[in-house]
Every structure is written in structure tokens, then in C-alpha cells.
Amino acid sequence: MSENNLLNSNQENSETKEKAKLLSPKKDVVFQVLFGEVGSENITRNFLQDVLNEKITKIDLSKNPILRRMKPTNKMGILDVYAEINGNEKCNIELQIGKRDNIIQRVLYYWARTYERGLKIKEDYNQLSRTIVILITDFKIKGLEELSYFTKWKLMEIEGGKRILTDYMEVDIIEIPKIYELKETDKYNKAIEWLYFLENPESERVKSIMKENEGIQEAREKLEEISNDEIMQRLADWQESAEHEEAEVRNMGYKEGIKDGEKKIASIVKKLKERNMNINTIAEITGLTIEQIEAIE
């Protein structure tokens, strides 16, 4: 191959690599590598500073699993991001895409698990430290409909002036869908910029944000690198397949549950009819129509 042809080939390969479709940063495996991998300290520090609105002087990500060494057949479990910040404080970042009715119970469990993390048997409770859980959801949480997209929760006494019991407990909840309900003038803050990045890192808004936000610029560059990593592509594909299979199993279970319920109702209707109960009374008890009841033999 001539030198010119070789240069053209390399240029084409480079352009192909640059145009590779970005993996969604909302995928568990991608999010965990993007923010939890050793080497991502600057990205995660900027993210936490913008979300918590406080200075992060030190950050350690070394306690997270190294996903790029795994295979799609490995059981990965909960893929949150764990960071130790400012020396001894703990921070757990959890991204939840699929809607969960028990999400508040789950986030309290995440906090409790993180709070006691590293405390050994017989160690003094003074070894415990401030613990923050940041929960980011891709859905609106039931019971929080009237609140802002970002809410901060602590333990406090509610009768005598709402005094906070301790700074050791903090749960920050971020609901991504709510950012689209904000007034345009309220959309320009650092925390929301990160949410737009998570939603669509290829959008024109994000490209504009990157000009001023170095943390997001670095995150976008790392996302491009992740998206061209063969192991990460396989892990992302595996996770997507696993999610589809889980949804199918849930759907099958739901349908089987409906069938089972219909059989039980039909059995009850038969017994009531055998006892010559008034058909209108049966309809009131079961919620079935007269026609449905008459069709059951």
C-alpha cells in the first residue's frame, strides 16, 4: 500500500472512530465506568461539586469494581458509584432508570449500607462519618410530584423549629424528567447541565455547555473512549439484553397472574350461582358485568 493510501486509510479509520455512536451514560455499566473508575476523579469531583454545591478537595474511587476486566457472563450486582471525599466522608451515587415503587425504601437501604461501610467489628462508632447518597431517577417518584427536580433530605426534629439532628445523614434525590418542566431561566445551573449530559450527550445544548463546563467536556471525551472500548460495548449490549429479558419475565408473570386471578374469580362466581345468589349481587361483589357473569358456567 502506498504512503498516500495508508494515510487515507488511517484518516478514514480515525473518522469512523470519531463518528461511533456514543453509549448512553444512563446505562449502569457506562455510568459506573464514567464516574467510578480510577482515572475519573476529576470528572466525578466536578460532578459532585456542581451537584452538592460544595468544594471537594480530595476524592478516592478505588473501592469500585473494575468493570473493564469483567465478561458479560459475570454477575455485576448493583452498579452504583462509591466515592470517599474530603478524607473520610462517604458518597454513593445511584442511577435508577427502571421505575420502582419502593424506591424510597431502596435509597434508605443504600444510605444505611454506605454509612456502615468500612466499619469493622468492635470498632468505635466515632469511626463513622458523614454519608451522602445521591439518587438520580429517570422517572418521577410517587409522593414527590409537587417538589422540585432536586430535593435534599436530612433527619430533623419537626416540632421545635425543625432543627437538624445530624449532618451525618444526607439523601439527595434528582428526578431527571422534572427539568423539562422548569422555566427557561431556571435551567442554567451546574447541576442541571450534568442532567442534560446524562440525557443526551450529543445534543446541541450539551455541545454548548461543554464550552464553559470543563468537567462535562472531560466527561464527553471519556464517554467517546468508553464507547469505542470493545469490552464496554459488550457489557452494554449484555445489560440491555438482560433488561429486555427481565421485562419479558415480569410481563409473563403479570399475564399469568391475571389468568390465575380470572380462574379464581370464575370459581367464586360458579359457587355463588350454585347457591342461587342474585346476579346483581354477584356483579357488585366481583366487579364483573352481568354479561361476564352469565358467560361463566
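Residues numbered from 1 in each chain as written. Predicted model: local features only at pLDDT ≥ 70, side-chain atom pairs only at ≥ 80, totals over all residues. Heavy atoms only, no water.

Caption draft 1: Up close: the overall build of the chain. On a plain count of helices and strands, the chain comes out with 10 helices and six strands. Buried positions account for 38% of the 297 residues belonging to the chain. For the chain, the accessible surface area stands at approximately 18700 Å², while carbon and sulfur atoms represent 49% of it. (Helix = DSSP H or I, 4+ residues; strand = E, 2+ residues; numbered from the N terminus. Buried < 20%, exposed > 50% of the residue type's maximum accessible area, 1.4 Å probe, protein only. Areas by Shrake-Rupley, 256 points an atom, 1.4 Å probe, with all protein chains shown as cover.)

Caption draft 2: Quick peek at the packing of aromatic side chains. Tallying each qualifying case throughout the model produces eight aromatic pairs. Relative to F150, the ring of Y149 lies with its centre 6.3 Å away and its plane at 75°, an arrangement referred to as edge-to-face. No difference in accessibility class separates Y149 from F150, as the two residues are buried. Put simply, the rings of F31, F35, F47, W194 and F197 touch in pairs and so form one group of aromatic residues. R205 extends its terminal NZ or CZ atom over the ring of Y196, reaching a point 4.3 Å from the ring centre. (Phe/Tyr/Trp six-rings, centres within 6.5 Å; stacked < 30°, edge-to-face > 60°. Lys NZ or Arg CZ within 6 Å of the ring centre and 35° of its normal.)

Caption draft 3: Broad picture of the environment of D138. By the element assignment, D138 lies in the loop between β4 (131–137) and β5 (150–153). Given the relative accessible area of 24%, D138 is considered partly exposed. Apart from the residues within four sequence positions on either side, D138 is in contact with K26, Q96, I97, I176, P177 and E199. Separated by 3.1 Å, the side chains of D138 and K26 make a polar contact. (Contact = heavy atoms within 4.5 Å. Polar contact = N/O pair within 3.5 Å; in protein donor to acceptor, adjacent residues only side chain to side chain.)

Caption draft 4: Broad picture of the pairing of strand β2 (residues 81–85). The element β2 is largely enclosed, with a buried count of four among its five residues. Note that strand β1 (residues 59–60) and β2 share two bridges and pair antiparallel. Residue pairing for β2: D60 is matched across the bridge by E84. Two strands pair when backbone bridges link them, and β2 and strand β3 (residues 89–96) are joined in this way by five bridges, in the antiparallel orientation. Counterpart to I85 in the pairing with β3 is E89. Here β2 folds back onto β3, and the loop between the two strands holds three residues, one of which, N86, carries a positive phi near 50°. (Pairing = 2+ DSSP bridges.)

Caption draft 5: Geometry of helix α4 (residues 103–115). With 13 residues, α4 should cover 18 Å at 1.5 Å per step; its first-to-last C-alpha distance of 18 Å lies within 8% of that length. The set of residues buried in α4 consists of I103, V107, Y110, W111 and T114. One side of α4 carries all its buried residues, which in axial view fall inside an arc of 95°. Opposite the buried face of α4, by more than 90 degrees, sit the exposed residues Q105 and Y109. Buried residues along α4 sit in contact with β2, β3, β4 and β6 (169–175). (Expected span 1.5 Å × (residues − 1). Arc of directions from axis to C-beta.)

Caption draft 6: The arrangement of the pattern of salt bridges in detail. Inspection of the entire model under this criterion finds 18 salt bridges. K63 serves as the salt-bridge partner of E84, at 3.6 Å between the closest nitrogen and oxygen. On the criterion of sequence distance, the pair formed by E84 in strand β2 and K63 in the loop between β1 and β2 is long-range, its members being 21 residues apart. You can call K63 partly exposed: its relative accessible area is 42%. Between K207 and E204 there is a salt bridge whose closest N-O contact spans 3.5 Å. (Salt bridge = Lys/Arg side-chain N within 4 Å of Asp/Glu carboxyl O.)

Caption draft 7: Seen up close, the packing of helix α2 (residues 28–36) against helix α7 (residues 214–227). Taken N-terminus to C-terminus, the directions of α2 and α7 make an angle of 130°; their axes are 10 Å apart at the nearest point. Here α2 lies oblique to α7, going by the angle between them. The hand of the α2/α7 crossing is right-handed. On the side of α2, the interface is formed by V30, V33 and L34, while α7 contributes A219, K222, L223 and I226. (Axes fitted to C-alpha atoms, helices over the stretch in contact; angles between N-to-C directions. Parallel < 35°, antiparallel > 145°, perpendicular 65-115°, else oblique. Left-handed = near helix turned anticlockwise from the far one by under 90°.)

Caption draft 8: A look at the packing of helix α3 (residues 41–52) against α7. Orientation of α3 relative to α7, taken along the N-to-C sense of each, is 135°, at an axis distance of 9 Å. Here α7 runs oblique to α3, going by the angle between their axes. Crossing of α3 over α7 shows left-handed handedness. Across the interface between the two elements, N42, I43 and N46 of α3 pack against G215, E218, A219 and K222 of α7.

Caption draft 9: Summary view of a nonpolar patch on the surface. A cluster of nonpolar side chains, M156, I158 and I164, forms an exposed patch at the surface whose accessible area comes to about 280 Å². As for its placement among the helices and strands, I158 is situated in the loop between β5 and β6. Residue I158 is classed as exposed on the basis of its relative accessible area of 62%. (Patch = residues over 30% accessible without salt bridge, like charges linked within 9 Å, V, L, I, M, F, W, Y side chains within 5 Å.)

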